Each structure stands twice: as C-alpha cells, then as structure tokens.
Amino acid sequence: MLLHGQIPNRVGSLGSLVETFLPWFGLLVPVLAAGALWRRSPSVVIALVLPVTVWLSLFGGLLGDKSEPGGDLTVATHNVGAENADPVGTARDLVASGVDVLALEEITEEDRGVYEKELAGAYPYHTVQGTVGLWSRLPLSDTRPVDIATDYGPLADTKPADVQLAGNRALRTTVATDRGPLVVYVAHLGSVRLTPRDGFWTDSRDRNAQALGKVLAADRSERVMLLGDLNGTLDDRALAGITARLHSAQDAAGDGFGFSWPAKFPVARIDQILVRGVQPTGSWVLPATGSDHLPVAAGVSW
C-alpha cells in the first residue's frame, strides 16, 4: 500500500491492477492481527501499526459522511450498459432520482430512442454524441464531440465523419445555470481486461485517458465538470492527467468509497464525477438499474 507507485506497469499493467483494488488490501490487516493473536506475539501486534497507519492515511478521509445541506445543482452519471434488458425501467429510475443534469454512457443505437423518449418529460434539453449523451433541465450550448483517440492508427483519419461520430465516446457542452456557465464533459474511456496472456490490459483506456487529460489541460473555463465511466479508480496512475486537473466529488463530499461496479457486488468506483471551480456538497450512489454499473450522483454549489 505504501509503495504502490513503485510497482511497475511494464508487465501486465501490474501497478494499475494493484491500484484499482488498493482499498481492499486493508482486509489483510485483520488476517495479520488474527495470526499475531494466535501466535501470541506482542512484536507482531506492534508491527501492525504500520499497515493500519498507511491504510488510514490513504483512505481514512473517505470514512464518514462529509456532505453538506443545500447545493445549486445536482448531477448524475450512469453507464446504462449495452446489454441492458430494461432501458425503459432504467430511464424511469433515473428520472425518479430528480437530478438536474444526467450523463449516460454506452448508449446503443437500438436504445437511444428509448432514452430520448423516456427522459424527454423531465429533461427538455439533451445531446447525444455517439455512445454518450447528456440530459439537462437547463439549456445547453456549444456542444461538440471530443476526440479522445478512440480511433487511432494510419486508417483512423480515412473514416467518414458519420462513422467516426457513431463510435464517439466523449462530448463537451455548456450548461446555462443561474450562477453562470458550467462546462460539462461526458466520457467513456476504453474498457480494461484481465487475461492470462496480457495480464491487466489497459491500452485503450490509457490512450483515452491521456488524450482527455490534454483536452482538460487546454480548457481554461472557470467551472468544469467531468461525468463518466473512466474504467479506472482515481488511485490508478493512468488517470493522473485527469486527476491533476479535476478533483473528486466523492472524496470531497461523499460517504464511504462509493463503489459503482459491478452492480451486483461493487468492488471499485470506476464511474466518476470530477469538478473544478465548483464545490461538491454531497456525493452518493443511486439504486441499481438494469445495468451492470450503479449510477452515481453529486450536488455542487458555487
């Protein structure tokens, strides 16, 4: 836990794999404690102070409720899942959350119309750019897809614009609030895979994260928010270009770790709400839908 940054990523992205599940290493502490008590070894019990201290220094700040009353705007993000068997129910559950701004990722062409129809009553403004979209109670402007290097290589530039847009996985838009404009990015970074041959395969995710980090670094807007499925936890070094520009609503105003994936037994928070120029007032996980991800929400003020 203390030296996770020194674990190399050269072979099988081992460092990123450890960082993805870093909080769970704390479970080894009670195992060590049980062994120390069984051996009746005072020196081993004393030695347990080190891992306990390290774990608390890394994650102790996430324990306890840091939310505050009020907030100017509520937002949520949800990977609705390409294999979602109940998009209608998912859309209605999200409407019931009552948030002002809602980002969706992994929207299929087959289900796009369902979400547009079911969300229209609550959210008069929306945009869909490829497989990501944003629905809002407030007006949107200056909307455009964002290139996060989803298509790369010598043939990438030869694809027609409509083909590139169909596979687009990030967008930027501006939400008009009564406190001024809020720039909102929605992104779905590439998937990761754990395989015997490649280990923890993160190539597309890392490439997308690097590209998105450069976009965020170039954006000089006063208030910026990123909503999306980043397919990585904020401890993962691959997201450093993003986390250097924005900070986590869950870290600032959440209660606990806010794990979001997989929905049936969440072990990691890979769905993120990151901000700059606004103050998170609360962060929470919404009830499960038909997706394999849990939706996450936050309140912000400024």
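Structural data are supplied above this passage.
Note that the structure is a prediction, hence the values are computed from the model and not measured.

A. The arrangement of the overall build of the protein chain in detail. A tally of helices and strands in the protein chain yields 10 helices and 14 strands. Taking 302 residues into account, the globule formula puts the C-alpha radius of gyration at 19 Å, and the protein chain, at 20 Å, falls close to it. C-alpha extents for the protein chain along the principal axes are approximately 65 × 50 × 40 Å. The buried share of the protein chain, reckoned over its 302 residues, is 47%. Sequence separation of at least 24 residues holds for 69% of the intrachain contacts in the protein chain that already meet a minimum separation of 6.

B. Looking closely at helix 5 (residues 87-96). Turning to helix 5, its buried residues number three or more, namely P87, G89, T90, A91 and L94. Among the structural elements, strand 1 (73-79), strand 2 (101-105) and helix 6 (109-119) are those in contact with the buried residues of helix 5.

C. Layout of the side chain of N208. Within the secondary structure, N208 is located in helix 8 (residues 203-218). One polar contact links the side chain of N208 to the main-chain carbonyl oxygen of A149, over a distance of 3.4 Å. There is a polar contact of 2.8 Å between the side chain of N208 and the backbone nitrogen of G190. Residues within four places of N208 in sequence aside, it is in contact with I148, A149, T150, L189 and G190.

D. Highlighting the pairing of strand 7 (residues 180-188). With 8 of 9 residues buried, strand 7 lies mostly within the body of the structure. Pairing analysis gives 8 bridges linking strand 6 (residues 170-177) to strand 7, with the strands arranged antiparallel. What sits directly across from V175, in strand 7, is L182. Taken together, strand 6 and the strand that follows it, strand 7, pair antiparallel across an intervening segment of 2 residues. Alignment of strand 7 against strand 10 (residues 224-229), held across 6 bridges, turns out to be parallel. Looking at the pairing, V186 lines up with L227 of strand 10.

E. Region of interest: a nonpolar patch on the surface. A cluster of nonpolar side chains, namely F21, F25 and L28, defines an oily patch on the protein surface of about 250 Å² accessible area. One can find L28 in helix 2 (residues 28-39).

F. Structural detail: the packing of aromatic side chains. With the rule as written, the count across this model stands at 5 aromatic pairs. Relative to F259, the ring of F257 has its centre 5.2 Å away and its plane inclined at 15°; by these criteria the two rings are stacked. Residue classification places F257 among the partly exposed residues on the basis of a relative accessible area of 22%. Taken together through their ring pairs, the aromatic side chains of W24, W55, F59, F257 and F259 make up a single cluster.

G. Expanded view of unusual backbone geometry. Backbone torsion omega between W261 and P262 reads -15°, so that peptide bond is classified as cis. Examined against the element boundaries, P262 turns out to sit in the loop between helix 10 (249-253) and strand 12 (271-276). Even without being glycine, D142 reaches a positive phi, approximately 50°. Looking at where D142 falls in the secondary structure, it is placed in strand 5 (residues 140-145). With relative accessibility at 45%, the residue D142 sits in the partly exposed group.

H. The sheet that holds strand 12, seen in detail. Sheet architecture is open: 6 strands sit in the order 5-6-7-10-12-11, paired in mixed fashion. Of all the strands in the sheet, just strand 5 and strand 11 (247-248) have a single pairing partner and so form its edges. Direction of pairing for strand 5 relative to strand 6: antiparallel, over a ladder of 4 bridges. Considered in strand 6, the bridge of R144 is made with R172.

I. Here's a closer look at helix 4 (residues 49-59). Within helix 4 the residues assigned to the buried category are P51, V54, W55 and F59. Projected down its long axis, helix 4 carries its buried residues within an arc of 100°, all on one side. Away from its buried face by more than 90 degrees, helix 4 exposes V49, L50 and S57.

J. Representation of the nonpolar core. One finds V75, L134, V184, M225 and L227 to be the most contacted residues of the largest nonpolar core, which totals 21 residues. Taken together, the elements giving at least two residues each to this core come down to strand 1, strand 2, strand 4 (132-136), strand 6, strand 7, strand 10, strand 12 and strand 14 (296-301). Not counting residues up to four positions away in its chain, the partners in contact with L227 are V75, A76, T77, A103, E105, L134, V184, Y185, V186, A187, Q272 and I273.

K. The arrangement of the pattern of salt bridges in detail. For the coordinates displayed, the defined rule picks out 10 salt bridges. Its salt-bridge partner being E118, residue R92 comes within 3.1 Å of it at the nearest N-O pair. Of this pair, R92 sits in helix 5 while E118 sits in helix 6, and the two are 26 residues apart along the sequence. We classify R92 as exposed; its relative accessible area is 51%. A salt bridge links D142 to R172; the nearest nitrogen and oxygen atoms lie 3.2 Å apart.

Criteria and thresholds
- Residues numbered from 1 in each chain as written.
- Predicted model: local features only at pLDDT ≥ 70, side-chain atom pairs only at ≥ 80, totals over all residues.
- Heavy atoms only, no water.
- Helix = DSSP H or I, 4+ residues; strand = E, 2+ residues; numbered from the N terminus.
- Rg over C-alpha atoms; globule rule 2.2 N^0.38 Å.
- Buried < 20%, exposed > 50% of the residue type's maximum accessible area, 1.4 Å probe, protein only.
- Contact = heavy atoms within 4.5 Å.
- Polar contact = N/O pair within 3.5 Å; in protein donor to acceptor, adjacent residues only side chain to side chain.
- Pairing = 2+ DSSP bridges.
- Patch = residues over 30% accessible without salt bridge, like charges linked within 9 Å, V, L, I, M, F, W, Y side chains within 5 Å.
- Areas by Shrake-Rupley, 256 points an atom, 1.4 Å probe, with all protein chains shown as cover.
- Salt bridge = Lys/Arg side-chain N within 4 Å of Asp/Glu carboxyl O.
- Phe/Tyr/Trp six-rings, centres within 6.5 Å; stacked < 30°, edge-to-face > 60°.
- Arc of directions from axis to C-beta.
- Core = buried A, V, L, I, M, F, W, Y, C linked by side-chain atoms within 4.5 Å.

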